[in-house]
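Each chain is listed here by its residues.
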Amino acid sequence: MMMISSHFRRRFAIDTFRRSCTVCQTDRGRLDRSYSNQRPCLIETIQRNNLSLRSRSRSSIHDKTHTTSLRYASSNTNGNTSTKDTEKPIKKPKKITTLSMAAKKRRGEKITMVTAYDFPSAVHVDRAGVDVLLVGDSCAMVELGFETTQPITLDQMIHHCQAVKRGAPNRPLLVGDMPFGSYEYKDVDIALKNAYRMVKEGGMDAVKFEGGSEARANTVKHVVEGGVAVLGHVGLTPQAISVLGGFRAQGRTAANARSLLDDALRLQDAGAFAVVLECVPANVAIAITEALEVPTIGIGAGGGTSGQVLVFHDLLGMLSHPHHEEFVPRFCKQYARVGMEITNGLAQFKEEVENGAFPGNDYSPYKMSKREEEMFNELLENGSKDEGASSSSLEDADESEQLNLYGNNKTDSR
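I will try to describe carefully the structure that is included in this document.

What counts as what
Residues numbered from 1 in each chain as written. Predicted model: local features only at pLDDT ≥ 70, side-chain atom pairs only at ≥ 80, totals over all residues. Heavy atoms only, no water. Pairing = 2+ DSSP bridges. Helix = DSSP H or I, 4+ residues; strand = E, 2+ residues; numbered from the N terminus. Axes fitted to C-alpha atoms, helices over the stretch in contact; angles between N-to-C directions. Buried < 20%, exposed > 50% of the residue type's maximum accessible area, 1.4 Å probe, protein only. Right-handed = clockwise from strand over helix to strand, strands pointing away. Core = buried A, V, L, I, M, F, W, Y, C linked by side-chain atoms within 4.5 Å. Contact = heavy atoms within 4.5 Å. Expected span 1.5 Å × (residues − 1). Phe/Tyr/Trp six-rings, centres within 6.5 Å; stacked < 30°, edge-to-face > 60°. Parallel < 35°, antiparallel > 145°, perpendicular 65-115°, else oblique. Left-handed = near helix turned anticlockwise from the far one by under 90°. Salt bridge = Lys/Arg side-chain N within 4 Å of Asp/Glu carboxyl O.

1. Overview of the sheet that holds strand 5 (residues 229-235)
Read around the barrel, 8 strands follow the order 1-2-3-4-5-6-7-8 and close on themselves; strand pairing throughout is parallel. Between one strand axis and the next, the sheet turns through 25° on average, direction left out of account.

Shown next as structure tokens:
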């Protein structure tokens, strides 16, 4: 409301009063003199009226605001408000980092890690909220069917790392396993160069090296100084299967256990942010975990480590079968029997195709219009294509058809 000066209000009151009078000019003059004598009283009256008007205006605004807020609260209670008014913005998941893992160990919280090798597996691991996703060189055995991890190449590992990165791009810490023959050289620049490829091409946050010898610790130090985070790995190191004489548990003698502790300490001193302990006695794993400041991740090493890792396919029973179990390590607990469901699903598919139950009308969604169907039948009966009658309409129908085959679009065009 535009503010009106007190002088203007007084003149407005006088003019209004004059227009309402039907007296002569002399009477109007007399009225002016009368007003001058009574001016203080009239001013007070106008001011009181103006104050009352302002008070009522503020009261009205307050009442409207109160009523609106009550309505809003009522609509919230009844669930009638729009999604924009009531929904809180979805927070972006917080990225797991090497510092996050160290903080978890200090707080006594367990770290979770899963080894996976492809896009759909990575999506599931990410949805489950697992902390670390390792793209392991065990891909050679689990995905590619080799008997050991040694045959897989750096290019193949980068290929799988890229798929995993697309499946879990934001939240988990992504670690790529450096394959056999990509980092063991005396020229540590070769290891650094290949580690850069895993980060730049594969999209990994860190890389993993096997072994804890002085030479390996020197390589780790060089790669860390080059700007790439490194996860160490001691105990059973599958890449060294030729030296170890097979997939054998490690640290089962006092001397060997002490050697594992020294290896882990060397990796920590070289800058590794964590160390994997594979297939070692639980008491040895506890001793190493207590001796290290960085976290330890156990696999077949008991429950005293800072965290645990299992392979996606193993823990879900991907290769489980009603009559036998294949390639399941003794230390692996199976939390599902996905392999059995896969076998049953494939068998049912085979049966329904053979007996004609699939696809049926429910899974044959793409239809022709009645007119096009009649024209098509005429073409079949005539044994020739009548381009003049049907070509343009058929093209229009084909161009308007949208095939949402792989879920890229939200709408289902049928």
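2. What to know about the pairing of strand 3 (residues 173-177)
Across the 5 residues that make up strand 3, a large majority, 5, are buried. Along strand 3, one buried face is formed by Leu173, Val175 and Asp177 and the opposite face, lined by Leu174 and Gly176, is buried too. Alignment of strand 2 (residues 132-135) against strand 3, held across 4 bridges, turns out to be parallel. Each bridged residue has a counterpart across the sheet, and for Leu133 the counterpart in strand 3 is Leu174. On the question of chirality, the crossover connecting strand 3 to the parallel strand 4 (residues 206-208) by way of helix 9 (residues 188-200) is right-handed.

3. Describing the nonpolar core
Membership of the largest hydrophobic core comes to 54 residues, with the highest contact counts inside it found for Leu133, Val207, Phe209, Val223, Val275, Leu277 and Ile288. Here the element with the most residues in this core is helix 12 (residues 254-270); it accounts for 6 residues. Beyond its immediate chain neighbours, meaning those up to four positions away, Leu133 contacts Val114, Ala116, Ala122, Val125, Val164, Ala168, Pro172, Leu173, Leu174 and Val175. Counting residues in hydrophobic clusters, the runner-up holds 16 residues, among them Ile111, Ala274, Val276 and Ile299.

4. Structural notes on helix 15 (residues 338-355)
For helix 15, spanning 18 residues, the distance from its first C-alpha to its last is 26 Å, which sits close to the expected 26 Å at 1.5 Å a residue. Positioned one or two residues after helix 15, Gly356 has a phi angle of 85°, which is positive.

5. A few points about the packing of aromatic side chains
Tallying each qualifying case throughout the model produces 3 aromatic pairs. A centroid spacing of 6.1 Å and a plane angle of 65° characterise the contact between Phe349 and Phe358, whose relative ring orientation is edge-to-face. Taking relative accessible area as the criterion, Phe349 reaches 48% and is therefore assigned partly exposed. When the ring of Phe358 is compared with that of Tyr363, the centres are 5.8 Å apart and the planes differ by 40°; the resulting orientation is tilted. Ring-pair connections join several aromatic residues into one group, and the members of that group are Phe349, Phe358 and Tyr363.

6. Remarks on the packing of helix 9 against helix 10 (residues 214-225)
For any two helices packed against each other, one specifies the inter-axial angle together with the distance between the axes. Where helix 9 contacts helix 10, the two axes come as close as 9 Å, and the packing angle between them is 50°. Accordingly, the angle class assigned to the pair helix 9 and helix 10 is oblique. The handedness of the crossing between helix 9 and helix 10 comes out as right-handed. Where helix 9 abuts helix 10, its residues Val188, Asp189, Ala191, Leu192 and Ala195 lie against Asn218, Thr219, His222 and Val223.

7. Here we look at the pattern of salt bridges
Tallying each qualifying case throughout the model produces 11 salt bridges. Lys104 is paired through a salt bridge with Asp131; the nearest N and O atoms lie 2.9 Å apart. Of this pair, Lys104 sits in helix 5 (residues 98-107) while Asp131 is found in the loop between helix 6 (119-127) and strand 2, placing the two residues 27 residues apart along the sequence. As far as burial versus exposure is concerned, Lys104 and Asp131 are alike and both buried. Each member of the salt-bridge network shares a partner with another, and the members are Asp155, Arg197 and Glu201.

8. A short note on the side chain of Gln268
With respect to the helices, strands and loops of the structure, Gln268 is situated in helix 12. By relative accessible area, which is 17% here, Gln268 ends up buried. With residues up to four places along the chain from it excluded, the contact list for Gln268 reads Leu292, Glu293 and Val294.

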